[in-house]
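Residue-level structure breakdown
One letter stands for each residue in the lines below.
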Amino acid sequence: MGETQIIIRNDVPLADTWDLSKLFENDSSWYEALAGYEIMAEKIPSFQGTLGKSAESLAAYLDFSRDLGILGERLSSYAFLRQSEDEGSGAARTMTGKITMAAAKAQAAGSWEKPEILAIPGGDMDTFLAHPRMADYRIYLRRILRYRPHILSDKEERIIAMHAEGEGISDDVFSVLTNVDFDFGVIDTPDGKRPLSQSSWSVFMENPDRNLRRRAYDAFYHCYESHKTALAGLYSGSVKQDVIRARIRGYPSARAAALFPDNVSESVYDNLIAAVGENLGVLHKYYGLRKRVLGLSELRHYDVYTPLVQSVKKKTSWDEAVDLISEALAPLGDEYVGTLRAGLVGRWADRYENKGKRSGAFSAGGFTGDPYILMNYKEDSIRDVFTLAHEGGHSMHSWYSARSNPFMHYDYTIFEAEVASTFNEEFLFHYLEKKAASPEDRDLRLFLINKHTDEILGTLFRQTMFAEFEKITHELEESGTPLTVELLRSEYRKLLEKYFGSEMVFEDASDMEGLRIPHFYRAFYVYKYATGISASIALAERVLSGGNQEREDYFTFLKSGGSRYPIDSLKVAGVDMSSPQPVQAACRVFSRLVDELEQLL
């Protein structure tokens, strides 16, 4: 067979792409709306000095701000999604650049807003908040008032706003470098030459051929190794920005600043690392089991993703995946399942890989338009079925939030988002495991347990390791220690050895993994995956074993949007994440799965 080519964007069938027309009909209409946004933003200064006059004058400004925000979100979403289709597209990157500049200009023009709101006397603000015109804005205003210790003067806020445009440069350059400029080459396989890319990497790592996995691993990390200084510089610059922003606003640390918007205590973060650290023994046990089952004298980093049950082959088309997900989520009712199914067989999702497309997967829901999903779906990877269920959970969370809340507080936090997504994965696992209950399905059941074990490992243990790395790097920067490539690699290797244990033999380039994680450019984000799966395991068990009330509690959570802080909204759903107990419980579930896997094997 010949070499498989990754198709260019223009050759992707329309049915396999997302339909962005609910945002804008085409690029021309986007540019027309951008011009309208810029004209509208020119009116921002006219409201300055009016916010404290009366409830009506404050509401008038908030109405204007709401409308400008909705338009700005539509413009940003469309440009972001167009760029995600092809990171190398000059037209898409131009749109992203233009809305970024326009939004930054509008932000600078409105930098007086929060200081002026905070200057309204407490008694007057109480009166304003009680006014009927404030019904859609009370939560928004109360959240602003909470920032009182961290809001600066008008002039200082304007300077910060003017710098906003350049704050994402490290992330943007990292994305272009690794998704567009990096050439990982091709790998010789029994079926011919196959391109190695960010998207195909996981497929190679799941391949049963160990020699193929090793060659793909070496080629992949050789590319990162050859750019190690640039990558370290980009990440170091991102950490510096985090620390500078926190210091300017008077937060005790970059981590405290990152957790403040969600009203999450740093103890939640520390409890996660501590609880997982106490349970690393079972993780090491699993790696020892993996080594024995694969018949290896040494367990290598490229051996940890291939399924232990090689005899089960699972190829799932897109439509088959949608059917499975719909059946698994049936306990959630017709509205949830019908809406998600229509979106997935319709054009919520951009389904398959094309040249230059952003790697991985995401859901990008907004107040208007569809809750879009980016996939790089591979039919021969069961992991992608779970990924589709995962992103579908995000999208349905967006769907419910946008329909249950006003714009100013419809958006939920990432902390909550990772619950809705992994909740769906839990349902899918339980459904598939139940279908594989007969003795003749033993191998399939074994495969699913192995798959679920690996999913919990990747989401709970691995993301906690990443979270610990972020904590270390930011503390080093805050202590005045330069983040050199050598130091970053050294600190990451220590964590590799801690989490993988003595069974693992690492390659010289293995610690380059710490410089290839895109989420590190959104500091203190990844811990939410780990807390999310801990909460979702508890909630999935609660809903599956409960009745209408438990299901309705979950829907109350989905509909909360940004009306509650995440710890509070999860308490409504039935789990208390201020305690380490959900994390401990998730570790116990992992331990039971490892024991069952060991017995079956």
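Model, not experiment: these values are computed from the prediction. Here the residue numbering is sequential within each chain, running from 1 through the sequence in written order. A pLDDT threshold of at least 70 governs which residues receive local features in this predicted model, and a stricter bar of 80 or more applies before side-chain atom pairs are shown or counted, although totals over entire chains, interfaces and linings include all residues. To obtain the side-chain values, all non-hydrogen atoms of the structure were used and water was disregarded.

1. Overview of the overall build of the chain
Of the regular secondary structure elements, the chain holds 24 helices and 7 strands. Here the globule rule reads 2.2 Å times residues to the power 0.38, and the radius of gyration is calculated from C-alpha atoms. Scaling as 2.2 N^0.38, a compact globule of 601 residues should have a C-alpha radius of gyration of about 25 Å, and the chain matches this with 24 Å. Residue pairs in contact within the chain that sit at least 24 positions apart in sequence constitute 76% of those at least 6 positions apart. Only the protein chains shown count as covering a residue, and every accessible area follows the Shrake-Rupley method with a 1.4 Å probe. Surface summary for the chain: the accessible area is close to 24400 Å², and the carbon and sulfur share equals 51%. Positive charges come from Lys and Arg alone, negative charges from Asp and Glu alone, with His and the N- and C-terminal ends not counted. To locate a charge, take NZ of a lysine, CZ of an arginine, CG of an aspartate or CD of a glutamate. Of note, the chain has its 69 positive side-chain charges centred 1 Å away from the centre of its 89 negative side-chain charges. Strands here are runs of E lasting at least two residues and helices are runs of H or I lasting at least four, both read from the DSSP assignment and numbered beginning at the N terminus. A contact between two residues is defined here by any heavy atoms of the two lying within 4.5 Å.

2. Quick look at unusual backbone geometry
Even without being glycine, Asn263 reaches a positive phi, approximately 55°. Only protein chains enter the calculation, and the probe is 1.4 Å; a residue is then buried if its accessible area is under 20% of its type maximum, exposed if over 50%, and partly exposed in between. Residue class for Asn263 comes out partly exposed when judged on its relative accessible area of 39%. Backbone geometry at Phe524 places phi at a positive 60°, although glycine is not the residue there. If you trace the backbone, Phe524 turns up in the loop between β7 (504–505) and α21 (527–545). According to the relative accessible area criterion, Phe524 is buried, its value standing at 3%.

3. Quick word on the packing of aromatic side chains
Paired rings are identified among Phe, Tyr and Trp, the last through its six-membered ring, by centres lying within 6.5 Å, and are further divided according to the angle between planes into stacked (under 30 degrees), edge-to-face (over 60) and tilted (the rest). Scanning all chains against the criterion turns up 52 aromatic pairs. Every member of this aromatic cluster is reached through a ring pair, and the members are Phe182, Phe184, Trp201, Tyr217, Phe220, Tyr221, Tyr224 and Tyr302. Put simply, a charge is over a ring when the Lys NZ or the Arg CZ is close to the ring centre, within 6 Å, and near the line of the ring normal, within 35 degrees. Between Arg143 and the ring centre of Tyr565, over which it is positioned, the NZ or CZ distance is 4.2 Å. Across the ring face of Phe386, the terminal group of Lys451 is positioned such that the distance to the ring centre comes to 4.2 Å.

4. Some thoughts on the environment of Glu379
Along the chain, Glu379 turns up in the loop between β6 (372–374) and α17 (382–404). Taking C-alpha positions, Glu379 is 7.2 Å from Trp318, a pair spaced 61 residues apart along the chain. Look past the residues within four positions of Glu379 in its chain and what remains in contact with it is Lys314, Lys315, Thr316, Ser317 and Trp318.

5. Digging into the nonpolar core
Nonpolar side chains in soluble globular proteins tend to end up buried together. Throughout this description, the term nonpolar core refers to a set of buried Ala, Val, Leu, Ile, Met, Phe, Trp, Tyr and Cys residues connected via side-chain atoms within 4.5 Å. In this structure, Leu332, Tyr336, Leu460, Phe461, Tyr554 and Phe590 are the most contacted members of the largest nonpolar core, which totals 141 residues. Broken down by element, the residue count for this core peaks at 14 residues, all from helix α19 (residues 442–478). If near-sequence neighbours (up to four positions away) are discounted, Tyr336 is found in contact with Leu329, Gly392, Gly393, Met396, Tyr400, Asn424, Phe555 and Leu558. The next biggest cluster of nonpolar side chains, apart from the first, holds 50 residues, and it includes Trp30, Ala33, Ile70 and Leu129.

6. Brief notes about the pairing of strand β1 (residues 186–189)
Covered by surrounding structure in β1 are Ile187 and Thr189 only, the residues Val186 and Asp188 on the alternate face being uncovered. Here 4 bridges tie β1 to strand β2 (residues 192–195), and the two strands are oriented antiparallel to one another. Across the sheet, the residue bridging to Ile187 is Arg194, located in β2. Pairing between two strands requires that DSSP report at least two bridges joining them.

7. Let's talk about the pattern of salt bridges
For this document, the term salt bridge refers to a Lys or Arg side-chain nitrogen within 4 Å of an Asp or Glu carboxyl oxygen. Tallying each qualifying case throughout the model produces 46 salt bridges. The residue Arg255 makes a salt bridge to Glu266 at a minimum N-O spacing of 2.9 Å. Of this pair, Arg255 sits in helix α12 (residues 254–259) while Glu266 is found in helix α13 (residues 266–278), placing the two residues 11 residues apart along the sequence. The residue Asp595 makes a salt bridge to Lys285 at a minimum N-O spacing of 2.7 Å. Within this pair, whereas Asp595 is found in helix α24 (residues 581–600), its partner Lys285 is found in helix α14 (residues 280–293), the two being separated by 310 residues in sequence. Take Lys285: its relative accessible area is 35%, and that puts it in the partly exposed class. Members of the salt-bridge network, linked through shared partners, are Arg9, Asp27, Arg82, Glu85, Asp350 and Lys357.

8. A look at the packing of helix α18 (residues 414–435) against α21
With their axes 7 Å apart at the nearest point, α18 and α21 run at an angle of 50° to one another. The pairing of α18 with α21 is recorded here as oblique in orientation. Relative to α21, the crossing made by α18 is right-handed. By the convention adopted, Pro, Cys, Tyr, Trp, Phe, Met, Ile, Leu, Val and Ala count as nonpolar, Lys, Arg, Asp and Glu as charged, and the other residues, Gly among them, as polar. In terms of residue class, the contact of α18 with α21 is built from 14 nonpolar, 5 polar and 3 charged. Orientation is described by lines fitted to C-alpha atoms, with helices fitted over the stretch in contact, and by angles between N-to-C directions that extend from 0 to 180 degrees. Here the angle decides the label: under 35 degrees means roughly parallel, over 145 means roughly antiparallel, 65 to 115 means roughly perpendicular, and every other value means oblique. Note on convention: near helix rotated counterclockwise from far helix by under a right angle means a left-handed crossing. Clockwise means right-handed.

9. With respect to the environment of Glu513
Within the fold, Glu513 resides in the loop between β7 and α21. For Glu513, a relative accessible area of 1% puts it in the buried group. Setting aside residues up to four positions removed in sequence, Glu513 forms contacts with Tyr221, His301, Tyr305, Arg462, Met465, Phe466, Tyr492 and Leu496.

10. Section: the sheet that holds β6
One open sheet holds the 3 strands; their spatial order is β4-β6-β5, and the pairing between them is mixed. This sheet does not close on itself; its edge strands, each paired only once, are β4 (349–350) and β5 (362–364). Examined bridge by bridge, β4 and β6 share 2 bridges and lie parallel to one another. By the bridge assignment, Ala349 is partnered in β6 with Ile373.

11. Considering the side chain of Glu87
Among the secondary structure elements, Glu87 is positioned in the loop between α2 (55–85) and α3 (90–109). For Glu87, a relative accessible area of 2% translates into the label buried. The term polar contact refers here to a pair of N or O atoms within 3.5 Å; inside protein, the definition further demands a hydrogen-donor-capable atom paired with an acceptor-capable atom, and it admits residues adjacent in sequence only when both atoms are side-chain atoms. A polar contact of 3.2 Å, which involves the side chain of Glu87, links it to the side chain of Ser175. Leaving out residues up to four positions away in the same chain, Glu87 has contacts with Arg93, Ser175, Asn179, Val180, Gly356 and Arg358.

12. A word on the side chain of Asn354
Along the chain, Asn354 falls in the loop between β4 and β5. The buried category is assigned to Asn354, whose relative accessible area is 2%. Separated by 3.0 Å, the side chains of Asn354 and Arg9 make a polar contact. Sequence-distant contacts of Asn354, defined by excluding residues within four places in its chain, comprise Ile6, Ile7, Ile8, Arg9, Val12 and Glu85.

13. Digging into the packing of helix α11 (residues 228–248) against α19
For the pair α11 and α19, the least separation of the axes is 10 Å and the interaxial angle reads 70°. Comparing their axes, α19 and α11 come out roughly perpendicular. In this structure, the crossing between α11 and α19 has a hand that is right-handed. Between α11 and α19, the contacting residues are Tyr235, Val239, Lys240, Asp242, Val243 and Arg247 on the first element and Phe469, Glu470, Thr473, His474, Glu477 and Glu478 on the second.

14. A look at the environment of Arg351
Considering the arrangement of structural elements, one finds Arg351 in the loop between β4 and β5. Taking the relative accessible area as the measure of exposure, Arg351 reaches 8% and is therefore buried. With residues near it in sequence (within four places) discarded, Arg351 still touches Ala15, Asp16, Trp318, Leu344, Val345, Gly346, Lys357, Met375, Asn376 and Tyr377.

15. Looking at helix α22 (residues 548–559)
Its 12 residues give α22 an end-to-end C-alpha distance of 16 Å, which sits within 8% of 16 Å, the value for a rise of 1.5 Å per residue. Those residues of α22 not exposed but buried are Asp553, Tyr554, Phe555, Phe557 and Leu558. In this structure, the buried residues of α22 make contact with α16 (334–345), α17, α18, α21 and α23 (566–573). Gly561, located one to two residues past α22, shows a positive phi value of around 55°. A helix's residues, less one, multiplied by 1.5 Å, set its expected span.

Purely spatial values, then, with no claim about function.
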